[in-house]
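Secondary and tertiary structure notes
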Amino acid sequence: MPTAGIVLAAGDGSRLGGRAKALLPHRGRPLLHTVVDALLGGGCDEVVVVVGAFGDEVAAACPAGATAVHNPDWSDGMSTSLRHGVDAARTHDRVALTVVDFPGITADLVRHVLDEHRPGTVTLPVFGDHPGHPVVFDIADALGAAADATGDEGARSFLARNRERVRRLDCTGLADPGDVDTSEDLRRLT
């Protein structure tokens, strides 16, 4: 089933002192490479990286297999990045949506979530009681989530309204689910 990975990487890193999270060093290269490699290695056919605040720099850092999509409206919130990413992936049957500040993502995690996804559902990885990424949507649901999203909420309201179709998939132990939002979180990059 043709699958696109979507990486939301358009923010300005304001809680991290105004740094591009995609460009943070992780294992000797930009964090973006870790995320893209996991998506491609886990079964995505291509990866769309939505860029914004540091658009030129992040686009230049995109590795092979990833295409940068510029979101000129990035400052209006994550919903605009979701729309741009899903629009760029609309020729695929499904999408695996993740954020760029997830250094714990692995190809094994992505493969597990894609393998367990069932058409007509949204597959939401959970780590203990905490929802995580990548979230897998059929393209019709991804388009619906993007159309419904407002502000900085991303797909959250779509997931809440379609709770009966959301499959919570236990992924505990497959990845460290923590993200990098503040300077204290930089320890996750080691």
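Residues numbered from 1 in each chain as written. Predicted model: local features only at pLDDT ≥ 70, side-chain atom pairs only at ≥ 80, totals over all residues. Heavy atoms only, no water.

1. Observations concerning helix α3 (residues 78-88)
- What α3 keeps buried is the set Ser-79, Thr-80, Ser-81, Leu-82, Gly-85 and Val-86.
- Elements in contact with the buried residues of α3: β1 (3-9), β4 (46-51), β6 (94-99) and α5 (139-148). (Buried < 20%, exposed > 50% of the residue type's maximum accessible area, 1.4 Å probe, protein only. Helix = DSSP H or I, 4+ residues; strand = E, 2+ residues; numbered from the N terminus. Contact = heavy atoms within 4.5 Å.)

2. So, unusual backbone geometry
- The linkage connecting His-133 with the following residue, Pro-134, adopts the cis geometry, with an omega of 0°.
- Within the element layout of this structure, Pro-134 appears in the loop between β8 (130-131) and β9 (135-138).
- Of note in the backbone geometry, Arg-27 takes a positive phi value of approximately 55° without being a glycine.
- Inspection of the secondary structure assignment puts Arg-27 in the loop between β2 (25-26) and β3 (29-30).

3. Here's the deal with the environment of Val-7
- Positionally, Val-7 belongs in strand β1.
- When the C-alpha positions of Val-7 and Ser-81 are compared, they lie 9.2 Å apart, and in sequence the two are 74 residues distant.
- Residues contacting Val-7, with those up to four places away along its chain left out, are Leu-32, Val-35, Leu-39, Val-47, Val-48, Val-49, Val-50, Thr-98, Val-99 and Val-100.

4. Brief notes about the packing of α3 against α5
- Remark: α3 packs on α5, axes separated minimally by 8 Å, with the N-to-C direction vectors making an angle of 150°. Considering their axes alone, α3 and α5 lie roughly antiparallel with respect to each other. Handedness of the crossing formed by α3 with α5: left-handed. Judged by residue contacts, Leu-82, Arg-83 and Val-86 of α3 engage Ile-139, Ala-142, Leu-143, Ala-145, Ala-146 and Ala-147 from α5.
- Split by residue class, the contact of α3 with α5 holds 8 nonpolar, no polar and 1 charged. (Axes fitted to C-alpha atoms, helices over the stretch in contact; angles between N-to-C directions. Parallel < 35°, antiparallel > 145°, perpendicular 65-115°, else oblique. Left-handed = near helix turned anticlockwise from the far one by under 90°. Nonpolar A, V, L, I, M, F, W, Y, C, P; charged D, E, K, R; others polar.)

5. Notes on the pattern of salt bridges
- Throughout the structure, instances matching the rule amount to 6 salt bridges.
- The salt bridge partner of Asp-108 is Arg-111, with a shortest N-O separation of 2.9 Å. Of this pair, Asp-108 and Arg-111 both sit in helix α4 (residues 107-116), 3 residues apart, roughly one helical turn.
- Residue classification places Arg-111 among the partly exposed positions, given a relative accessible area of 33%. (Salt bridge = Lys/Arg side-chain N within 4 Å of Asp/Glu carboxyl O.)

6. Concerning the UniProt feature "domain: MobA-like NTP transferase" (unreviewed entry) in the protein
- Summarizing the sequence annotation, UniProt attributes the feature "domain: MobA-like NTP transferase" (unreviewed entry) to residues 5-162 in the numbering used throughout.
- Here residues 5-162 is 34% helix and 24% strand, with 22 Å between the C-alpha atoms at its ends. (UniProt positions renumbered as here; feature names shortened; annotations may be inferred.)

7. Some words on the pairing of β1
- With 7 of 7 residues buried, β1 lies mostly within the body of the structure.
- Two strands pair when backbone bridges link them, and β1 and β6 are joined in this way by 6 bridges, in the parallel orientation. Within the sheet, the bridge partner assigned to Ile-6 lies in β6 and is Leu-97.
- Bridging between β1 and β4 involves 6 bridges; their strand directions are parallel. Residue Ala-9 lies in a different strand from β4, and its bridge partner there is Val-51. (Pairing = 2+ DSSP bridges.)

8. Regarding the side chain of His-26
- Summarising the element assignment, His-26 is placed in strand β2.
- For His-26, the side chain forms a polar contact with the side chain of Thr-34, separated by 2.8 Å. (Polar contact = N/O pair within 3.5 Å; in protein donor to acceptor, adjacent residues only side chain to side chain.)

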